[in-house]
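Report on the structure
Below, each chain spelled out in residue letters.
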Amino acid sequence: MITEDTAENKAALMGSGPVVDSEEAARQRAKKVEKIAGFALPIGLFVALIGFWEYWVVAAEIPHYILPSPSVIIAKLFENLPSLSISWWTTFKITVGALVLAMLGGGGLAVLFTQSRRIEQALMPYVIVLQVTPIIAIAPLIFLYIDSHMVRVLFVAWIVAFFPILSNSALGLRSTDHNLNDLFTIYGASRWQRLRFLQLPSALPSFLGGMRIAGGLALIGAVVAEFTMGSGGNAAGLAFRILEASYRLKVPDMFAALVLVILTGVAIYLILAWVTWKLLHKWHESAITRE
């Protein structure tokens, strides 16, 4: 015999399915909206700003040698693309070379610092001096002592990108879990085993964070070095193209070269962010996708 209470409980249980399904569907819709908004909002804002820029320049009849419109800048970009692409390749090579050298030098020196307190005490003051010295102040000395233009610019870009990788990597190597560190000690792990299986994996997120910072700084260092020590001809980078256009009051040409610099910086950051996600998304909290 089915009582009234039993019937109500059965009805409640039967009715719980659609409620759960509707909640899950609402959660999925909210997740999809959030994902779309992550792309739509910045793109929409960018389009709105560009549209306002174009309208304001045309409506106010601002001369292109004072402030060119986006359409004029894009036209100049495609018009000068053959020569700008050569300059872009020069700047890009220097940026990537400086980033690779900073990665090897900064990461390697961070390992040495964490393995030997004496080496850190001996070298760290000089690293700090190199970091806090304004690069513009030592650029003339670099120009005086280094003959090769490419090496000059590469050296300046490396100086700017080196310290973030070193500091972040050293911090990550020292931030290993104390319980795991004690466990390695109990099992008699060697210094190499501790470094390979504990410290390096633990430092990977910090190292990749330093790489993302250093990627933009390497580009900034390359551009600053080209401004202070740039040369014309085939060795000219994008910074020299900006200077050349400014001397001739070709403001649209300046903006066209600047657009390439900005796109290069954004591309470097996106690539490094993708590499970070690829290496961390399966195990580290900072990159795990939340449902």
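Read on for a plain summary of the structure. (Residues numbered from 1 in each chain as written. Predicted model: local features only at pLDDT ≥ 70, side-chain atom pairs only at ≥ 80, totals over all residues. Heavy atoms only, no water.)

Brief notes about unusual backbone geometry
- Although it is not a glycine, E61 adopts a positive phi angle of roughly 55°.
- Here E61 lies in the loop between α1 (4–60) and α2 (70–79).
- A relative accessible area of 67% means that E61 is categorised as exposed.
- Phi angles above zero are rare outside glycine, and L249 is one such case at about 60°.
- Within the secondary structure, L249 is located in the loop between α9 (238–247) and α10 (251–280).
- Its relative accessible area of 65% is what places L249 among the exposed residues. (Helix = DSSP H or I, 4+ residues; strand = E, 2+ residues; numbered from the N terminus. Buried < 20%, exposed > 50% of the residue type's maximum accessible area, 1.4 Å probe, protein only.)

Focus: the packing of aromatic side chains
- Applying the stated criterion to the full structure yields six aromatic pairs.
- Measuring from ring centre to ring centre gives 5.0 Å for W88 and F92, while their planes differ by 15°; the resulting arrangement is stacked. Residue W88 and its partner F92 are both found in helix α3 (residues 81–115); the two are separated by four residues, about one turn of the helix.
- Both rings, one in W158 and one in F162, keep their centres 5.0 Å apart while their planes meet at 40°; by these two values the pair is tilted. You can see W158 and its partner F162 sitting in helix α6 (residues 149–174), four residues apart, about one turn around the helix. Both residues of the pair, W158 and F162, count as buried.
- Directly above the aromatic system of F143 lies the positively charged group of R152, at a separation of 4.1 Å from the ring centroid. (Phe/Tyr/Trp six-rings, centres within 6.5 Å; stacked < 30°, edge-to-face > 60°. Lys NZ or Arg CZ within 6 Å of the ring centre and 35° of its normal.)

As for the nonpolar core
- By size, the foremost hydrophobic cluster in this structure holds 35 residues, and its most contacted members are L99, I165 and L166.
- In this structure, I165 is in contact with L99, A102, M103, G106, G107, F207, G210, M211 and A214, ignoring residues within four places of it in sequence.
- Of all hydrophobic cores here, the second largest spans eleven residues; its members include L77, L238, A239 and L260. (Core = buried A, V, L, I, M, F, W, Y, C linked by side-chain atoms within 4.5 Å. Contact = heavy atoms within 4.5 Å.)

Quick notes on the pattern of salt bridges
- Taken as a whole and assessed by the stated rule, the structure comprises six salt bridges.
- Among the salt bridges present, the one from K76 reaches E79, with a minimum N-O distance of 3.7 Å. Pair noted here: K76 and E79 are both in helix α2, with a separation of three residues, about one helical turn.
- A relative accessible area of 25% means that K76 is categorised as partly exposed.
- Across the pair R117 and E120 runs a salt bridge whose closest N-O atoms are separated by 3.1 Å. (Salt bridge = Lys/Arg side-chain N within 4 Å of Asp/Glu carboxyl O.)

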